[in-house]
Amino acid sequence: MRLVFAGTPAVTLPALDAIAASGHELAAVVTRPDAPAGRGRRLVRSPAAAWADERGIEVLTPAKPREPEFQERLRQIAPDCVPVVAYGALVPPSALEIPKHGWINLHFSLLPAWRGAAPVQHAVLHGDEVTGASVFELEAGLDTGPVYGTLTEEIRPSDTSGDLLGRLATEGAGLLVAVLDAIEAGTARAHPQPADGVTFAPKITVEDAQVRWGDPSFAVDRRIRACTPAPGAWTTFRDDRVKLGPVRPIANAPAIAAGEIHVERTQVLVGTATTPVALGEVRAAGKKAMPATDWARGLRIQAGETFA
């Protein structure tokens, strides 16, 4: 089939590689416009755009997919289907109906669970043991379209959102190509999502990423892993914000007051509502990440000091 791919961040690259290696023709890539990044705030191409640039593939960067100029160019390209991975913009019905076989989205959850922008982060945050990926047909509703196929993936006890998303992106790329193959062969069948089991996964904000030391240790652990690598879990110490890498719950340690820091020779413990957690890496503002023991020694943390 003749395809136009829609996607933006690095998580799209496994799907782009898989489509490029398939028998389908990739005519263009639709992605978000160049955005400022880094300390200099220079405009930077999205990872999907950079991938296409390297291969001489046309790149379309509409501010919004409802733009008449974009839709006219899409009609001129005349794709049979538009596969989508993490595009990041709402696609209006007028654009959805241009390709013969619609827009087919790879979403990183087992729909109807975790519809929305951050399905992997919410699966980790809420302690799900199993998640997966779904390929479904885009329609006007939020991730409500009929599903062509799914795969499942175990969430490991130490998984961060980055770990889990990396595996789902790779495995989901194969699922997406398999669905495209089935659509071309006329054997694909999309099934409506069940009415039960709907949950929503809104974007995780910086405020959501603040560690809540009054929570049980398992919830502290989940929140930090869910926010790793982005937006990055954080807390405050001596009125300065510090970012935290994944922690390790300590099952049999004596209880410590919530937020209180205990510096030991080989580890740094912090109290929660239940048992403490051992800190992993700590990154103070303007500095590189370092082991928690090095961070604590450098600041000469005193007994009884706490995270806010």
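Nothing here was measured: the structure is a model prediction, and the numbers come from that model.

Peer 1: Which parts of the structure should I look at to understand the overall build of the protein chain?
Peer 2: When helices and strands are tallied, the protein chain shows 8 helices and 17 strands. Viewed in the frame of its principal axes, the protein chain has a C-alpha envelope of about 70 × 45 × 30 Å. Of all 308 residues assigned to the protein chain, the portion counted as buried reaches 48%. The long-range fraction of contacts in the protein chain, counting pairs at least 24 apart against all pairs at least 6 apart in sequence, stands at 63%. Within the structure as shown, the protein chain displays about 14800 Å² of accessible surface, and the carbon and sulfur contribution to it stands at 53%. Both charge centroids of the protein chain, one from 31 positive and one from 35 negative side chains, sit 7 Å from each other.

Peer 1: Please explain the pattern of salt bridges as it appears in this structure.
Peer 2: Note that side chains of opposite charge can pair when their charged atoms are close. With the rule as written, the count across this model stands at 11 salt bridges. Arg45 is the partner of Asp53 in a salt bridge, and the nearest nitrogen-oxygen pair spans 3.0 Å. Given the relative accessible area of 39%, Asp53 is considered partly exposed. For Arg45, a relative accessible area of 32% puts it in the partly exposed group. Connected via shared salt-bridge partners are Asp34, Arg45 and Asp53.

Peer 1: Can you help me understand the packing of aromatic side chains in this one?
Peer 2: The geometry of two aromatic rings is summed up by the distance between their centres and the angle between their planes. Under the definition given, this model contains 4 aromatic pairs. Measuring from centroid to centroid gives 5.4 Å for Trp213 and Phe307, while their planes differ by 10°, and the two rings are stacked. Of the two residues, Trp213 sits in the loop between helix H6 (161-185) and helix H7 (217-226) while Phe307 sits in the segment after helix H8 (292-299), which places them 94 residues apart along the sequence. For the pair Trp213 and Phe307, a shared accessibility class is recorded, and that class is buried. A connected cluster of aromatic rings, assembled from ring pairs, spans Trp213, Phe237, Trp295 and Phe307. Over the ring of Trp234 we find Arg241; its NZ or CZ atom is 3.6 Å from the centre of that ring.

Peer 1: Looking at this model, I keep getting lost on the packing of helix H1 (residues 13-21) against helix H2 (residues 47-54). Mind explaining?
Peer 2: How two helices pack is summed up by the angle between their axes together with the distance between the axes. At a minimum axis separation of 10 Å, H1 and H2 run at an interaxial angle of 30°. Taken as axis vectors, H1 and H2 run roughly parallel relative to one another. Note on packing geometry: the crossing formed by H1 with H2 is right-handed. Residues Leu13, Leu16, Asp17 and Ala20 of H1 pack against Pro47, Ala48 and Trp51 of H2. Grouping the constituent residues of the contact of H1 with H2 by class yields 6 nonpolar, no polar and 1 charged.

Peer 1: I would appreciate a short explanation of H8 in the present structure.
Peer 2: Working note: α-helix, 3.6 residues per turn, so residues spaced by three or four point in the same direction. Buried within H8 are the following residues: Ala292, Thr293, Trp295 and Ala296. Looking straight down H8, one finds its buried side chains confined to an arc of 160°; they lie on one side. Contacts made by the buried residues of H8 are with strand E10 (234-237), strand E11 (240-244), strand E13 (261-263), strand E14 (268-270), strand E16 (281-284) and strand E17 (290-291). One or two residues past the end of H8 sits Arg300, with phi positive at roughly 55°.

Peer 1: Looking at this structure, I do not really get the sheet that holds strand E6 (residues 82-85). What am I missing?
Peer 2: What links the strands of a sheet is backbone hydrogen bonding, and the strands pair in either a parallel or an antiparallel sense. Taken in spatial order, the 7 strands line up as E5-E2-E1-E6-E7-E8-E9 in an open sheet, and their pairing is mixed. The open sheet is flanked by strand E5 (58-60) and strand E9 (147-154), the only strands paired with a single partner. Shown here is a sheet whose adjacent strand axes are inclined to one another by a mean of 20°, direction ignored. Here strand E1 (residues 2-7) pairs with E6 via 2 bridges, running parallel. Looking across to E6, one finds that Gly7 is bridged to Val85. The strands touched by H1 are E1, strand E2 (25-30) and E6; relative to E1, the strand with the most contacts, the crossing angle is about 170°. The sheet contacts of helix H3 (residues 68-77) involve E1, E2, E5 and strand E7 (103-107), and relative to E5 the element is tilted by about 150°.

Peer 1: Help me understand H6, please; the structure alone is not making it clear to me.
Peer 2: The first and last C-alpha atoms of H6 sit 35 Å apart over 25 residues, in line with the 36 Å expected at 1.5 Å per residue. Two residues or fewer past H6, Gly186 is found with a positive phi of approximately 80°.

Conventions we followed
Residues numbered from 1 in each chain as written. Predicted model: local features only at pLDDT ≥ 70, side-chain atom pairs only at ≥ 80, totals over all residues. Heavy atoms only, no water. Helix = DSSP H or I, 4+ residues; strand = E, 2+ residues; numbered from the N terminus. Buried < 20%, exposed > 50% of the residue type's maximum accessible area, 1.4 Å probe, protein only. Contact = heavy atoms within 4.5 Å. Areas by Shrake-Rupley, 256 points an atom, 1.4 Å probe, with all protein chains shown as cover. Lys, Arg positive; Asp, Glu negative; His and termini not counted. Charge placed at Lys NZ, Arg CZ, Asp CG, Glu CD. Salt bridge = Lys/Arg side-chain N within 4 Å of Asp/Glu carboxyl O. Phe/Tyr/Trp six-rings, centres within 6.5 Å; stacked < 30°, edge-to-face > 60°. Lys NZ or Arg CZ within 6 Å of the ring centre and 35° of its normal. Axes fitted to C-alpha atoms, helices over the stretch in contact; angles between N-to-C directions. Parallel < 35°, antiparallel > 145°, perpendicular 65-115°, else oblique. Left-handed = near helix turned anticlockwise from the far one by under 90°. Nonpolar A, V, L, I, M, F, W, Y, C, P; charged D, E, K, R; others polar. Arc of directions from axis to C-beta. Pairing = 2+ DSSP bridges. Expected span 1.5 Å × (residues − 1).

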